[in-house]
Amino acid sequence: MKQITSIQNPFVKNLVLLQDKAKARKQSGTFIIEGQREIELAVKGGYELETVLFLPEIISENQIEKLTSQQVELIEISKEVYQKLAYRDTTEGIIAIAKSKPLQLSDLKLSKNPLILVAEGLEKPGNLGALLRTADAANIDAVIIANPKSDLYNPNIVRSSVGCLFTRQIAVATSEEAIAFLKENNINIYCATLQDSATYHTQNYNDPTALVVGTEATGITEVWRQNSTKNINIPMQGIIDSMNVSVAAAILLFEAKRQRGF
């Protein structure tokens with residue numbers, strides 16, 4: 001079995017680039033997953049692993065074999081190398097290199113009565129990760145990331161989503177492409193916005209539905225408001241006029257789920 005003990009190893013340096021640079025991830029078509037649960041969820045979500053690096057003091061080959069039945073290259077690494085590559089403070093002793101997916105709208109497989117979350121223009125990886133956790137909790141059909149400002153395979157998104165990046169169908173598109181897709185599939189579009197909107201709980205989400213949220217600072221763009229079935233709002237009863245996007249998404253999604261009888 002191959003072993004790497006030096007942080008100066010060229011392979012390790014390439015992995016550091018893969019962690020830090022979206023360009024490196026795009027060019028290689030790969031990204032890094034850290035942690036046993038995250039790797040297991042990625043495998044279940046149809047992601048192909050290329051290489052698994054592990055710290056033998058923490059995790060054994062037998063444990064790795066239980067995580068995946070895929071034929072992958074195993075590399076034993078030293079504690080120094082692991083600490084160089086590990087993104088999290090908590091240690092599980094395992095890091096995987098996985099092939100990314102194209103995340104195209106055409107790849108989405110929808111149910112007869114889909115419930116979809118659309119997030120437009122989100123910048124903070126932590127918000128995107130939390131949004132994906134919310135989507136998983138509500139067990140919705142898909143998440144569409146419109147006009148993303150962050151690379152979806154950013155390690156902070158993988159981490160903050162606690163593996164939920166791999167548990168829901170996800171597509172990345174422009175807002176115009178997403179709107180066209182939703183209309184082609186006869187999916188009602190409900191946009192969370194203050195302008196010309198009705199209170200969210202007054203609408204019927206029992207038919208095919210897409211709930212659209214935007215950034216806290218600027219909200220959704222005009223193209224969504226112009227193409228919505230109905231604009232909706234969450235009545236704010238405090239002093240501020242907005243809430244975290246993942247919290248807003250959770251309120252809207254679970255109202256839709258309540259109407260559908262969970």
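Residues numbered from 1 in each chain as written. Predicted model: local features only at pLDDT ≥ 70, side-chain atom pairs only at ≥ 80, totals over all residues. Heavy atoms only, no water.

(A) Region of the structure containing empty space enclosed by the protein. All told, the structure shown has 1 cavity of 30 Å³ or more when counted by the stated rule. Taken as a whole, the largest cavity spans an internal volume of roughly 80 Å³. Forming the walls of the largest cavity are Gln-19, Ile-32, Ile-33, Glu-34, Tyr-87, Arg-88, Pro-155, Val-158 and Arg-159. For the lining of the largest cavity, the elements supplying multiple residues, two or more each, are β2 (30-34) and α7 (155-160). Class assignment for the residues of the lining of the largest cavity results in 5 nonpolar, 1 polar and 3 charged. (1 Å grid on protein atoms, 1.4 Å probe; cavity = no way out; pocket = protein on both sides within 12 Å on 5 of 7 lines; lining within 4 Å. Points joined across faces, edges and corners; volume = space filled by probe spheres on them. Helix = DSSP H or I, 4+ residues; strand = E, 2+ residues; numbered from the N terminus. Nonpolar A, V, L, I, M, F, W, Y, C, P; charged D, E, K, R; others polar.)

(B) A nonpolar patch on the surface, seen in detail. Taken together, the side chains of Met-236, Ile-239 and Ile-240 define a hydrophobic patch exposed on the protein surface, amounting to about 360 Å² of accessible area. Along the chain, Ile-239 turns up in the loop between β12 (230-233) and α10 (245-259). (Patch = residues over 30% accessible without salt bridge, like charges linked within 9 Å, V, L, I, M, F, W, Y side chains within 5 Å. Areas by Shrake-Rupley, 256 points an atom, 1.4 Å probe, with all protein chains shown as cover. Salt bridge = Lys/Arg side-chain N within 4 Å of Asp/Glu carboxyl O.)

(C) The pattern of salt bridges, seen in detail. Considering all chains together, one arrives at 6 salt bridges under this definition. One salt bridge connects Arg-25 with Asp-151, and the closest N-O pair in it is separated by 2.5 Å. Taken together, the residues span a long stretch of sequence, with Arg-25 in helix α2 (residues 22-28) and Asp-151 in the loop between β7 (142-146) and α7 at a distance of 126 residues. The partner of Glu-222 in a salt bridge is Arg-225, with the nearest N and O atoms 3.1 Å apart.

(D) Up close: the sheet that holds strand β3 (residues 49-54). With mixed pairing, 5 strands are arranged side by side in an open sheet as β1-β4-β3-β5-β2. Either end of the sheet is taken by a strand with one partner, and the two such strands are β1 (2-4) and β2. On average, each strand axis in the sheet is inclined to that of its neighbour by 25 degrees, with strand direction left out of account. Bridge count for β2 against strand β5 (residues 94-99) is 5 bridges, and the pairing is antiparallel. Along β5, the bridge assignment pairs Ile-33 with Ala-96. (Pairing = 2+ DSSP bridges. Axes fitted to C-alpha atoms, helices over the stretch in contact; angles between N-to-C directions.)

(E) View of the packing of aromatic side chains. Evaluated as defined, the whole model comprises 6 aromatic pairs. A ring pair is formed by Tyr-47 and Tyr-153, whose centres lie 6.2 Å apart and whose planes are at 80 degrees; its orientation type is edge-to-face. Separated by 106 residues along the polypeptide, Tyr-47 in the loop between α3 (36-44) and β3 and Tyr-153 in the loop between β7 and α7 bring together distant segments of the chain. Like Tyr-47, the residue Tyr-153 is buried in the burial classification. Between Tyr-47 and Phe-166 the ring centres are 5.1 Å apart and the planes differ by 70 degrees, which places this aromatic pair in the edge-to-face class. Here Tyr-47, found in the loop between α3 and β3, pairs with Phe-166, found in the loop between α7 and β8 (169-173); they are 119 residues apart in sequence, far enough to count as distant. Classification of Tyr-47 by relative accessible area gives buried; the value is 4%. (Phe/Tyr/Trp six-rings, centres within 6.5 Å; stacked < 30°, edge-to-face > 60°. Buried < 20%, exposed > 50% of the residue type's maximum accessible area, 1.4 Å probe, protein only.)

(F) Region of the structure containing the pairing of β5. When you tally the buried positions in β5, you get 5 out of 6 residues, the bulk of the element. Here 5 bridges tie β3 to β5, and the two strands are oriented antiparallel to one another. Within β5, the residue paired with Thr-51 across the bridge is Ile-97.

(G) Molecular detail of the nonpolar core. Formed by 51 residues in total, the largest nonpolar core has its most connected members in Ile-33, Leu-49 and Leu-211. Sequence-distant contacts of Leu-211, that is, excluding residues within four places in its chain, are made with Leu-115, Ile-116, Leu-117, Val-118, Tyr-190, Tyr-205, Ile-232, Leu-252, Leu-253 and Ala-256. Grouped together as the second largest cluster of nonpolar side chains are 20 residues, Ile-116, Ala-173, Ile-179 and Leu-182 included. (Core = buried A, V, L, I, M, F, W, Y, C linked by side-chain atoms within 4.5 Å. Contact = heavy atoms within 4.5 Å.)

(H) Local environment of unusual backbone geometry. Phi is positive for Asn-139, which is not a glycine, with a value near 55 degrees. When you line up the elements, Asn-139 lands in the loop between α6 (125-138) and β7. Look at Asp-196: it is not a glycine, yet its phi comes out positive at around 45 degrees. Within the secondary structure, Asp-196 is located in the loop between β9 (188-192) and β10 (198-199).

(I) Molecular detail of the layout of surface pockets. Counted as a void, the largest pocket has a volume near 460 Å³. Around the largest pocket, the lining comprises 24 residues; the ones closest to its centre are Ala-192, Thr-193, Leu-194, Asp-241 and Ser-242. Of all the elements in the fold, those that place two or more residues in the lining of the largest pocket are β12 and α10. If you tally residues by element for the lining of the largest pocket, the top one is α10, at 3 residues.

(J) Summary view of the sheet that holds β12. Reading across the sheet, the 7 strands line up as β8-β7-β6-β11-β9-β12-β10 and stay open at both edges, with parallel pairing between neighbours. Across the chains shown, the open sheet's two edge strands, defined by having one partner strand only, are β8 and β10. Strand direction decides the pairing type here: β7 and β8, joined by 5 bridges, are parallel. Each bridged residue has a counterpart across the sheet, and for Ile-145 the counterpart in β8 is Val-172. Running over the sheet, α6 touches β6 (115-120), β7 and β8 and is turned about 155 degrees from β7. Those strands touched by helix α8 (residues 175-184) are β6, β7, β8, β9 and β11 (209-213), and its axis lies near 145 degrees from that of β7.

Just geometry here; none of it tells us what the structure is for.
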